[in-house]
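Here is what each chain is made of, one letter per residue.
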Amino acid sequence: NAGVTQTPKFQVLKTGQSMTLQCAQDMNHNSMYWYRQDPGMGLRLIYYSASEGTTDKGEVPNGYNVSRLNKREFSLRLESAAPSQTSVYFCASRSSRVGAEETQYFGPGTRLLVL
Amino acid sequence: AQSVTQPDIHITVSEGASLELRCNYSYGATPYLFWYVQSPGQGLQLLLKYFSGDTLVQGIKGFEAEFKRSQSSFNLRKPSVHWSDAAEYFCAVGRGFKTIFGAGTRLFVKA
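Residues numbered from 1 in each chain as written. Chains lettered and ligands numbered in written order. Predicted model: local features only at pLDDT ≥ 70, side-chain atom pairs only at ≥ 80, totals over all residues. Heavy atoms only, no water.

1. What to know about the pairing of strand β2 (residues 10-14) of chain B
All names here are of chain B.
Step number 1: The alternating pattern of β2 places Ile11 and Val13 on a buried face and His10, Thr12 and Ser14 on a face that is not buried.
Step number 2: Where β2 lies against strand β12 (residues 105-110), 5 bridges are found, and the strand directions are parallel. Bridged to His10 within β12 is Arg106. (Buried < 20%, exposed > 50% of the residue type's maximum accessible area, 1.4 Å probe, protein only. Helix = DSSP H or I, 4+ residues; strand = E, 2+ residues; numbered from the N terminus. Pairing = 2+ DSSP bridges.)

What follows is the structure in structure tokens.
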């Protein structure tokens, strides 16, 4: 199993450009999450999807949209990138297996720089 | 309000010395508690978790943590640190989309 994969690993954008961050998991998890990580602030939840076909806002959703394409894939879109969106983005999925509930599994991250 | 505080932004310990990373939380209900480790350029890896039962939990890589309800703490410990333990450590509390992460403590290990 590859676990949680993210593409791309690095991206540089100009202000106003758009892009989509891709995330996929092969662990048959129902729940998936998008976080951003900024120095001194830990991880903050952008959006989550409790199950296929549903999405909900997290703590910092402004400037982002998401799509739960199917059970495996959960994408994050920046329609018009701003320098404040420079960050490291992590996708995670949550196990529903008995004994492993509540454990989140993280992807390797996407480092985004907006100029 | 729910929150997680990791009072130490960074800690430096000598290889072979003991380690304790502090975590305090504020949470309305019985908390689910986690410690994650992040190596440079990597995602977060679960070290250990506490849901209920024995308040001293064992994790991977020789780490353990103790839940102290009276102090609202969940401190991470390791008796002997290895150079490969140099990383950033995150405490988290909550469930699913209600999981809150601390700001992290960066561990430096000196020879």
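2. A few points about the packing of aromatic side chains
Step number 1: Enumeration according to the criterion identifies 14 aromatic pairs over all chains in this entry.
Step number 2: Here A:Phe106 and B:Phe101 contribute two aromatic rings whose centre-to-centre distance is 6.1 Å and whose plane-to-plane angle is 80 degrees, an arrangement assigned as edge-to-face. Here A:Phe106, found in strand β10 (residues 104-106), pairs with B:Phe101, found in strand β11 (residues 100-101), and the two come from separate chains.
Step number 3: Residue class for A:Phe106 comes out buried when judged on its relative accessible area of 10%.
Step number 4: Residue B:Phe101 is classed as buried on the basis of its relative accessible area of 6%.
Step number 5: Ring geometry for B:Tyr36 versus B:Phe101: centroids 5.8 Å apart, planes at 45 degrees, classification tilted. Of this pair, B:Tyr36 sits in strand β5 (residues 33-38) while B:Phe101 sits in strand β11, and the two are 65 residues apart along the sequence. By the burial criterion, B:Tyr36 is buried, and B:Phe101 matches it. (Phe/Tyr/Trp six-rings, centres within 6.5 Å; stacked < 30°, edge-to-face > 60°.)

3. Some thoughts on the sheet that holds strand β3 (residues 19-25) of chain A
Residue and element names in this part refer to chain A.
Step number 1: Strand order in the open sheet formed by 4 strands is β1-β3-β8-β7, with antiparallel pairing between adjacent strands. The two strands at the open ends of the sheet, each matched to only one other strand, are β1 (4-7) and β7 (64-68). Going across the sheet, the axis of each strand differs from the next one's by a mean of 20 degrees, ignoring polarity. (Axes fitted to C-alpha atoms, helices over the stretch in contact; angles between N-to-C directions.)

4. Focus: the interface of chain A and chain B
Often the size quoted for an interface is simply the accessible area lost on bringing the parts together.
Step number 1: Taken together, the contacts link 20 residues of chain A with 19 residues of chain B.
Step number 2: Interface of chain A and chain B: buried area, both sides summed, is about 1,500 Å²; carbon and sulfur atoms make up 56% of it.
Step number 3: The largest share of the area that chain A buries against chain B comes from A:Leu43, A:Glu102 and A:Phe106, three residues that together contribute 34% of it.
Step number 4: In this structure, the connection of chain A to chain B is made through 0 salt bridges.
Step number 5: Inspection of the chain A/chain B interface yields 4 residue pairs in polar contact (both at pLDDT 80 or more).
Step number 6: For the side of chain A that touches chain B, the elements supplying multiple residues, two or more each, are β4 (31-37), β5 (43-49), β9 (87-94) and β10 of chain A.
Step number 7: When the residues that make up the side of chain A that touches chain B are grouped by side-chain class, the tally is 10 nonpolar, 7 polar and 3 charged. (Contact = heavy atoms within 4.5 Å. Buried area = accessible area lost by both parts, 1.4 Å probe. Salt bridge = Lys/Arg side-chain N within 4 Å of Asp/Glu carboxyl O. Polar contact = N/O pair within 3.5 Å; in protein donor to acceptor, adjacent residues only side chain to side chain. Nonpolar A, V, L, I, M, F, W, Y, C, P; charged D, E, K, R; others polar.)

5. Section: the layout of surface pockets
Step number 1: The space that makes up the largest pocket amounts to roughly 540 Å³.
Step number 2: If you go around the largest pocket, you meet 26 residues; those closest to its centre are A:Gln37, A:Val88, A:Phe90, A:Arg111 and B:Gln38.
Step number 3: Going through the elements one at a time, β9 and β11 (110-114) of chain A together with β10 (87-93) of chain B are the ones with two or more residues in the lining of the largest pocket.
Step number 4: Its residues assigned to classes, the lining of the largest pocket shows 10 nonpolar, 11 polar and 5 charged.
Step number 5: Lining the second largest pocket, in full, are A:Met41, A:Leu43, A:Arg44, A:Leu45, A:Tyr48, A:Lys57, A:Gly58, A:Glu59, B:Phe97, B:Thr99, B:Ile100 and B:Phe101.
Step number 6: Elements with a minimum of two residues in the lining of the second largest pocket: β5 of chain A together with β11 of chain B.
Step number 7: Considering each element in turn, the lining of the second largest pocket owes the most residues, 4 residues, to β5(A).
Step number 8: A class-by-class count of the residues in the lining of the second largest pocket yields 7 nonpolar, 2 polar and 3 charged. (1 Å grid on protein atoms, 1.4 Å probe; cavity = no way out; pocket = protein on both sides within 12 Å on 5 of 7 lines; lining within 4 Å. Points joined across faces, edges and corners; volume = space filled by probe spheres on them.)

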